[in-house]
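Summary of the model geometry
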Amino acid sequence: DKSDDNKQDTEEKQEVVIPVEQEDPAELQACITELKTLGAEFKTLDTVKGAENGCGIASPIELSSVGQGIKLNPAGPMRCETALALSRWAKDMLVPSARLSMPERKITALANASTYVCRNRNSTKNGKISEHAKGNAVDISSIAFDKGDPLIMKPRDEDGSVEGAFQRTITTAACLFFKTVLSPGSDATHQDHLHLDVLERKGGYLYCR
């Protein structure tokens, strides 16, 4: 029966629609207020409607500075919660750790390798949607200073230099601010950047590598 065949084809084409998660207005306002207190620089954006199912940000902001005189270069769209975690990490870990390990240098910028992008995890064709596609993630490829060369994010487990110790310290501590931290060298797709995201897990579980 052709009508049954057509019905089956329609059912197969239908997929579960994943709605863009809405922000709680009070929590969003509290987040924006704290961002301003931390000296972060940002602007609010219109809703990002993802081109594909599961992508998008309901109440995005474009972060250009995490405060402490540190730019996010280039500026990137993300959820306020992601921006707040990044700004807290900068204030409480990046700046103090740099002051302790390299007192003659000041951090001036974080190189933004990726914030919002509509794609699957690890850019695979199939699989789960990436936290980047929800505005929950940011990738940092290097850290710039007012003097000397930038610190390039790369595997540094065996690096006995001050820079190696600094990178290990700030990446390990990042899990106190983010829910997922994938350090350079943690897997095949994370060799040249630090992945940070705020994905909530059951029981408050943190994934730190």
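Nothing here was measured: the structure is a model prediction, and the numbers come from that model. (Residues numbered from 1 in each chain as written. Predicted model: local features only at pLDDT ≥ 70, side-chain atom pairs only at ≥ 80, totals over all residues. Heavy atoms only, no water.)

1. Looking at the packing of helix α3 (residues 80–101) against helix α4 (residues 162–173)
Angle between the axes and distance between the axes are the two parameters that describe a pair of packed helices. Quick reminder of the rule: For helices, the fitted axis covers only the stretch in contact; all axes are lines through C-alpha atoms, and the angles between them, taken along N-to-C directions, range from 0 to 180 degrees. We count a stretch as a helix when DSSP gives it H or I for four or more residues in a row; a strand needs E for two or more, and each element gets its number in order from the N terminus. Every angle not falling under 35 degrees, over 145, or within 65 to 115 is termed oblique; those three ranges are roughly parallel, roughly antiparallel and roughly perpendicular. By convention the crossing between two helices is left-handed if the near helix lies anticlockwise of the far one by an angle smaller than a right angle, and right-handed if it lies clockwise. Here a residue-residue contact requires only that any non-hydrogen atoms of the pair lie within 4.5 Å. Any residue that is not Ala, Val, Leu, Ile, Met, Phe, Trp, Tyr, Cys, Pro, Asp, Glu, Lys or Arg is counted as polar, Gly included; the first ten are nonpolar and the last four charged.
Remark: α3 packs on α4, axes separated minimally by 10 Å, with the N-to-C direction vectors making an angle of 160°. Comparing their axes, α4 and α3 come out roughly antiparallel. Along this stretch, α3 crosses α4, giving a crossing that reads as right-handed. Note on element contacts: α4 touches α3 through Val 162, Phe 166, Thr 169, Ile 170 and Ala 173, opposite Trp 89, Met 93, Leu 94, Ser 97, Ala 98 and Ser 101. Looking at the contact of α3 with α4, its residues break down into eight nonpolar, three polar and no charged.

2. A few points about the side chain of Glu 23
Formally: Pairs of N or O atoms are called polar contacts if they sit within 3.5 Å, as long as, within protein, a hydrogen donor faces a hydrogen acceptor (for residues adjacent in sequence, only side-chain-to-side-chain pairs).
Among the secondary structure elements, Glu 23 is positioned in the loop between α1 (2–13) and α2 (25–37). Reaching out from Glu 23, the side chain makes a polar contact with the side chain of Arg 79 at a distance of 2.7 Å. Excluding residues within four positions of it along the chain, Glu 23 makes contact with Leu 28, Ser 59 and Arg 79.

3. So, the side chain of Thr 115
Mapped onto the elements of the fold, Thr 115 is located in the loop between β6 (107–114) and β7 (137–145). At 3.3 Å, the side chain of Thr 115 forms a polar contact with the backbone oxygen of Pro 77. Apart from residues lying up to four places away in sequence, Thr 115 is in contact with Gly 76, Pro 77, Met 78, His 132, Ala 137 and Val 138.

4. A word on the packing of aromatic side chains
Condition: Note on aromatic pairs: the rings of Phe, Tyr and Trp (six-membered ring only in Trp) are paired at centre separations within 6.5 Å, and the planes decide the class, stacked below 30 degrees, edge-to-face beyond 60, tilted for the rest. Under the scheme applied here, a residue whose accessible area is under 20% of the maximum for its type counts as buried, over 50% as exposed, and between as partly exposed, the area being computed with a 1.4 Å probe on protein chains only.
Scanning all chains against the criterion turns up two aromatic pairs. Note on Trp 89 and Phe 178: the rings are 6.5 Å apart at their centroids and 80° apart in plane angle, and the pair reads as edge-to-face. Taken together, the positions of Trp 89 in helix α3 and Phe 178 in the loop between α4 and β9 (180–182) put the pair 89 residues apart, joining distant regions of the chain. We classify Phe 178 as buried; its relative accessible area is 1%.

5. Some details on unusual backbone geometry
Omega for the peptide link from Asn 73 to Pro 74 comes to 0°, which places this bond in the cis form. Structurally, the position occupied by Pro 74 is in strand β5 (residues 70–78). Backbone geometry places Gln 68, a non-glycine residue, at a positive phi of 60°. With respect to the helices, strands and loops of the structure, Gln 68 is situated in the loop between β4 (61–67) and β5.

6. Quick look at the nonpolar core
Within soluble globular proteins, side chains that are nonpolar generally end up buried alongside one another. Note the cut-off: Put simply, a nonpolar core is a bunch of buried Ala, Val, Leu, Ile, Met, Phe, Trp, Tyr and Cys residues held in one set by side-chain atoms that sit within 4.5 Å of each other.
Ranked by internal contacts, the top residues of the largest apolar core, which has 43 residues, are Leu 86, Trp 89, Leu 110, Ile 143, Phe 166, Phe 178 and Leu 196. In terms of residue count, the dominant contributor to this core is α3 (11 residues). Excluding residues within four positions of it along the chain, Leu 196 makes contact with Leu 86, Trp 89, Asn 136, Ala 137, Val 138, Asp 139, Ile 140, Ala 174, Phe 178, Thr 180 and Val 181. Formed by six residues, the second largest nonpolar core is a distinct cluster that contains Val 48, Cys 55, Tyr 116 and Ala 133.

7. Quick look at α3
This is how the line gets drawn: For a helix, the expected span equals 1.5 Å multiplied by the residue count minus one. A residue's bend is the angle separating two fitted axes: one through the seven residues that end there, the other through the seven that start there.
If you check α3, its first and last C-alpha atoms are 30 Å apart, about what 22 residues at 1.5 Å a residue would give, namely 32 Å. Largest kink in α3: about 40°, centred on Ala 90.

8. Section: α4
In a regular helix each residue adds 1.5 Å, so 12 residues correspond to 16 Å; α4 covers 16 Å between its end C-alpha atoms and thus fits that length. By the burial criterion, the buried members of α4 are Gly 164, Phe 166, Gln 167, Ile 170, Thr 171 and Ala 173. The elements touched by buried residues of α4 are α3, β6, β7, β8 (151–152), β9 and β10 (194–197).

9. Section: the pattern of salt bridges
We count it as follows: Salt bridge criterion: a side-chain nitrogen from Lys or Arg within 4 Å of a carboxyl oxygen from Asp or Glu.
Applying the stated rule across the entire model yields 10 salt bridges. In this structure, Glu 23 engages Arg 79 in a salt bridge whose closest nitrogen and oxygen atoms are separated by 2.7 Å. One end of the pair, Glu 23, is in the loop between α1 and α2; the other, Arg 79, is in the loop between β5 and α3, with 56 residues separating them in the sequence. Assigned by exposure class, Glu 23 and Arg 79 land together as buried. Note that Arg 105 and Glu 163 form a salt bridge whose closest N and O atoms lie 3.9 Å from each other. Taken as a pair, Arg 105 in the loop between α3 and β6 and Glu 163 in helix α4 lie far apart in primary sequence, 58 residues in all. In this structure Arg 105 comes out as buried when scored by relative accessible area, which is 12%.

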